[in-house]
Amino acid sequence: MGMTKRHFKRLVILPCIIIILQGLIFIKKVLTIVSNFIVQRNVPAVVRTPEERFCGLEAVGYAFKSHYVALPIGGGKTLPRVHYVDEGPRDGEIILCLHGEPSWSFLYRHMIQILVKSGFRVIAPDFIGFGKSDKFTFPEAYSHELHTQTLRLLLDYLGVNDVTLVCQDWGGLTGLSVVKDSPHLFSRLVIMNTGLPAGSELAISTIAQITPFMAWRSFAELLGTSIPVYHIFKKALMNPYPAILDGYNAPFPSSLYKAGAARWPLLVPLNSHTPVAADMQATRNFLATEWKNPALLMFSTRDPITKGQEKTFQRLIPHAITKTIEGAGHFLQEDQGEEISSHIIGFINKKF
């Protein structure tokens, strides 16, 4: 049987693009070393996106009260200021919505409104480096542990439990790791367009599956803090209206603010001998052997990045309910937020 156009792209074109990008990345690293040696730059360690960047987002559905907290980490020190949305009745059942790369709580704006109208309390934080939260200016400041620590401390600060986790992209890697660490805080899982890469997926037999992500990772590594957030969403969304694209781009006035967005793709483990890979494997083991509570899997049909990862979660959590989301790309909350919200409400109310 002949090779289809899609398989030719995955097996030939994308690997060639990855090789070219890696060559350019090497050249970039050399030039960066030389540039840093010649020119000494003084930049602040942490920056805060000006509030005026977020003006007008009410018109596209992001009209929530902002909450901020500087979470203490001991010795009189705190993390950079974290922003979160906290809507709905204080005694309502809690839904925690976690964004990924390079989005922020803006991604959940329509879902928040629908879920709150159904009586739920919805919490949607911005991870450090994203949204209205403060941002380290050096990519090396970001780590998987930073994000999991931030989430653990925020949950302690809010004093919540019996939480339904809704996660997508890096929100899944981060959120599910915290579920593994603190299972007593969570009652249900809603897992969407994400994965738990433990570094073991990189094999000849899986090259066709992983090449889209590897191309994206190489692209992100080459561009670094010049990553074009506006154009990423313009390409990724089904209906890329300019006002919506402006909303996703709002947290990033310049490259100084994009270190977190530049770093997250590079934290995905490429082999099993990294701390992130070890945590991902531990999370897999936890889900497979210890998670007995309800779980809902929602993966979209038009996401090239996490396509097929729902099978991994089906193996890990065989009792999970699966809903396939048609006509949605990677950011399915944006493309099919109403349908997803309906499934979540039915899931919590045990309608299916």
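Bear in mind the structure is a predicted one, so any value in this text is a computation, not a measurement. (Residues numbered from 1 in each chain as written. Predicted model: local features only at pLDDT ≥ 70, side-chain atom pairs only at ≥ 80, totals over all residues. Heavy atoms only, no water.)

### Description of the packing of helix α6 (residues 229-236) against helix α7 (residues 242-249)
For step 1, the next point in the chain: Contact geometry of α6 with α7 gives a least axis separation of 8 Å together with a crossing angle of 135 degrees. Here α7 runs oblique to α6, going by the angle between their axes. Crossing of α6 over α7 shows right-handed handedness. For the pair α6 and α7, the contacting residues are V229, Y230, F233 and K234 in the first and P242, L245, D246, Y248 and N249 in the second. (Axes fitted to C-alpha atoms, helices over the stretch in contact; angles between N-to-C directions. Helix = DSSP H or I, 4+ residues; strand = E, 2+ residues; numbered from the N terminus. Parallel < 35°, antiparallel > 145°, perpendicular 65-115°, else oblique. Left-handed = near helix turned anticlockwise from the far one by under 90°. Contact = heavy atoms within 4.5 Å.)

### A short note on α7
For step 1, the next point in the chain: Every buried residue of α7 is accounted for by I244, L245, G247, Y248 and N249.
For step 2, the next point in the chain: Residues of α7 that are buried sit in contact with α2 (109-117), α6 and α11 (332-335). (Buried < 20%, exposed > 50% of the residue type's maximum accessible area, 1.4 Å probe, protein only.)

### Structural notes on a nonpolar patch on the surface
For step 1, the next point in the chain: Residues I20, L24, F26 and I27 make up a contiguous nonpolar surface patch of about 410 Å² in total accessible area.
For step 2, the next point in the chain: The topology assignment puts L24 in helix α1 (residues 5-38).
For step 3, the next point in the chain: Residue L24 is classed as partly exposed on the basis of its relative accessible area, which comes to 39%. (Patch = residues over 30% accessible without salt bridge, like charges linked within 9 Å, V, L, I, M, F, W, Y side chains within 5 Å. Areas by Shrake-Rupley, 256 points an atom, 1.4 Å probe, with all protein chains shown as cover. Salt bridge = Lys/Arg side-chain N within 4 Å of Asp/Glu carboxyl O.)

### Some details on the sheet that holds strand β12 (residues 321-325)
For step 1, the next point in the chain: In space, the eight strands of this open sheet follow the order β2-β5-β7-β6-β9-β10-β11-β12, with mixed pairing throughout. Edge positions in the open sheet fall to β2 (67-69) and β12, since each of these has one partner strand only. Across the sheet, the mean angle from the axis of one strand to that of its neighbour is 20 degrees, orientation sign disregarded.
For step 2, the next point in the chain: Summarising the sheet, strand β5 (residues 82-87) and strand β7 (residues 121-126) pair through five bridges and their orientation is antiparallel. Among the inter-strand pairings, H83 is bridged to a residue of β7, identified as D126.
For step 3, the next point in the chain: Sitting on the sheet, helix α3 (residues 144-158) is in contact with β2, β5, β6 (94-98), β7 and β10 (186-192), with an inclination near 45 degrees to β5.
For step 4, the next point in the chain: Across the face of the sheet, helix α4 (residues 170-181) comes into contact with β6, β9 (163-168) and β10 while running at roughly 150 degrees to β9. (Pairing = 2+ DSSP bridges.)

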